[in-house]
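Working through the structure, step by step
Chain residues, written in single-letter form:
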Amino acid sequence: MKSPKFLIAAVSALALTACGDTGSGGSRDTVRAVGSSTVFPFAKAVAESLARSNPDINSPIIESTGTGGGMKLFCAGLGPDTTDMVNASRRMKASEFADCQANGVTDIIELQVGLDGIAFASAQGGIDINLTPKIVYEAIAKTPYGEEQTNETWSDVDPSLPDLPILVYGPPSTSGTRDALKELVLEVGCESNPEMDALKESDEDRYDQVCTEVRADGKYVDQGEQDNLIVQKIEGNENAMGIFGYSYLEENADKVKGLSLNGVEPTYENISSFAYNGARPLYVYVKKAHIDAIPGLKEYLAEWTKLWVPGAGLGEIGLISSPEDVMAANAKAATEFTIIDGSDLK
């Protein structure tokens, strides 16, 4: 008897066979991608560029669902009723890779499309704080160092900071930006307390809870997957702070300003050199089984490689190019459709 995994793959392959038929049989002739709100403007720009240069190819449909939500959709299976790609503002997790494998999505192409930074920002003329991971953690953690959260103002966190109420608009739990915030900032701040190392050794689940959960009392406001809404919120409140991808900071430089982290400003140069603590890579994941079945998918991947180089279109809207060797390796993966084995995912 064939295994369930084999049967899933076989049924999906039959469904994909019909994808090349653009008749009335329910097949699909347009690339579909879901995922990160941070990667969304870049993915959309690449789709628009593809449509302009290839009028015979339908412009890909891009949806902003958040990285976590996008991964669930991506890993649901193969076939024309599933998405071809997922955009991610963090790397795929080992658990997500396992879900993909279980549902027949066995061959996955991973592309690092560039770099971004988690930007902390406020309105032009608004609150101005030189942040550190420790300050951010103590301000927005649900239970800082395992204790009750009692900080109501920034001066409660540190007497040298403004005596203004803490109000931070940020990404939701499904967002890759939230995951990066946890890893690059909150955990770093939490680990400034040496007792947290012992907690990590003795109770990792408790450590994750203490070091990465954010408060839910209105001081940290989950603003959903649309980063532009965060920009609007902080623009209208000079005492508010926002957290989003660097590209949104650059795009709205006339409305908001970036705040330093450990004395380093979120700029193109500082992110590309990783001098800025919040620097992170951005990814696109593709189903290899869909490459020949979905019209325009090969061309869409090729368009990414044209636009992610320095001085090309994506840099104009805030994408920071990866180092040259990384770009070369990913350009090869985008044209030779090499797959990952998942062994180094966490």
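Structure first, text after, so check above.
Below is a summary of the structure that appears in this document. This one's a predicted model, so the numbers in the text were calculated from it and none came from an experiment.

About the cut-offs
- Residues numbered from 1 in each chain as written.
- Predicted model: local features only at pLDDT ≥ 70, side-chain atom pairs only at ≥ 80, totals over all residues.
- Heavy atoms only, no water.
- Axes fitted to C-alpha atoms, helices over the stretch in contact; angles between N-to-C directions.
- Helix = DSSP H or I, 4+ residues; strand = E, 2+ residues; numbered from the N terminus.
- Parallel < 35°, antiparallel > 145°, perpendicular 65-115°, else oblique.
- Contact = heavy atoms within 4.5 Å.
- Nonpolar A, V, L, I, M, F, W, Y, C, P; charged D, E, K, R; others polar.
- Phe/Tyr/Trp six-rings, centres within 6.5 Å; stacked < 30°, edge-to-face > 60°.
- Buried < 20%, exposed > 50% of the residue type's maximum accessible area, 1.4 Å probe, protein only.
- Pairing = 2+ DSSP bridges.
- Salt bridge = Lys/Arg side-chain N within 4 Å of Asp/Glu carboxyl O.
- Core = buried A, V, L, I, M, F, W, Y, C linked by side-chain atoms within 4.5 Å.
- Disulfide = S-S within 2.5 Å.

Our focus in this paragraph is the packing of helix 7 (residues 176-190) against helix 9 (residues 204-212). Relative orientation of the contacting elements helix 7 and helix 9 amounts to 100 degrees, with a least axis distance of 8 Å. Classified by the angle their axes make, helix 7 and helix 9 are roughly perpendicular. Contacts from Lys182, Leu186, Glu187 and Cys190 in helix 7 reach Tyr207, Val210, Cys211 and Thr212 in helix 9. By residue class, the composition of the contact of helix 7 with helix 9 is five nonpolar, one polar and two charged.

All right, on to the packing of helix 8 (residues 195-202) against helix 9 then. In the contact formed by helix 8 and helix 9, the axes pass within 6 Å of each other and the chain directions differ by 135 degrees. Taken together, helix 8 and helix 9 sit at an angle that is classed as oblique. For the pair helix 8 and helix 9, contact is made by Met196, Leu199, Lys200 and Ser202 and by Glu204, Arg206, Tyr207, Val210 and Cys211, respectively. Looking at the contact of helix 8 with helix 9, its residues break down into five nonpolar, one polar and three charged.

Here the focus is the packing of aromatic side chains. Considering all chains together, one arrives at three aromatic pairs under this definition. Centroid distance Tyr283 to Tyr285: 6.0 Å. Interplanar angle 25 degrees. Geometry classified as stacked. Each member of the pair, Tyr283 as well as Tyr285, carries the same accessibility label: buried. Note on Tyr300 and Trp304: the rings are 6.3 Å apart at their centroids and 65 degrees apart in plane angle, and the pair reads as edge-to-face. Taken together, the positions of Tyr300 and Trp304, both in helix 13 (residues 297-307) and four residues apart, correspond to about one turn of that helix.

A word on the pairing of strand 7 (residues 241-245). Strand 7 sits mainly inside the fold: five of its five residues count as buried. With four bridges connecting them, strand 4 (residues 108-123) and strand 7 associate as antiparallel partners. Residue Ala121 lies in a different strand from strand 7, and its bridge partner there is Gly242. The sheet contact formed by strand 5 (residues 168-170) and strand 7 spans two bridges and is parallel. Of the residues in strand 7, the one forming a bridge with Val168 is Met241.

Okay, the pattern of salt bridges next. A full pass over the atoms with the stated rule returns 13 salt bridges. For the salt bridge of Arg28 with Asp84, the shortest nitrogen-to-oxygen distance reads 2.7 Å. Within this pair, whereas Arg28 is found in the loop between helix 1 (4-17) and strand 1 (32-35), its partner Asp84 is found in the loop between helix 3 (67-74) and strand 3 (85-88), the two being separated by 56 residues in sequence. Of the residues examined, Arg28 reaches a relative accessible area of 9% and is grouped as buried. Among the residues examined, Asp84 registers a relative accessible area of 0% and is labelled buried. We note a salt bridge from Asp179 to Arg90, for which the minimum N-O separation is 2.5 Å. With Asp179 in helix 7 and Arg90 in the loop between strand 3 and helix 4 (94-102), this residue pair connects regions lying 89 residues apart in the sequence.

This part takes up the nonpolar core. Nonpolar side chains in soluble globular proteins tend to end up buried together. Ranked by internal contacts, the top residues of the largest apolar core, which has 51 residues, are Phe120, Leu131, Ile140, Trp154 and Phe244. Setting aside anything within four residues of it in sequence, one finds Leu131 in contact with Phe120, Val136, Trp154, Met241, Leu259, Ser260, Leu261, Asn262 and Gly263. By size, the runner-up hydrophobic cluster in this structure holds 32 residues, among which are Val31, Ile57, Ile62 and Leu297.

On to the state of the cysteines, then. Taken as a whole and assessed by the stated rule, the structure comprises two disulfides. Covalently, Cys75 is tied to Cys100 through a disulfide, its sulfur atoms 2.0 Å apart. Handedness here is read from the sign of the S-S torsion; for Cys75 and Cys100, about -70 degrees, the answer is left-handed. Here the residue Cys75 occupies a position in the loop between helix 3 and strand 3, and Cys100 occupies one in helix 4, the gap between them amounting to 25 residues. Neither Cys75 nor Cys100 differs from the other in exposure class; each is buried. Here Cys190 connects covalently by a disulfide to Cys211, the sulfurs 2.0 Å from one another.

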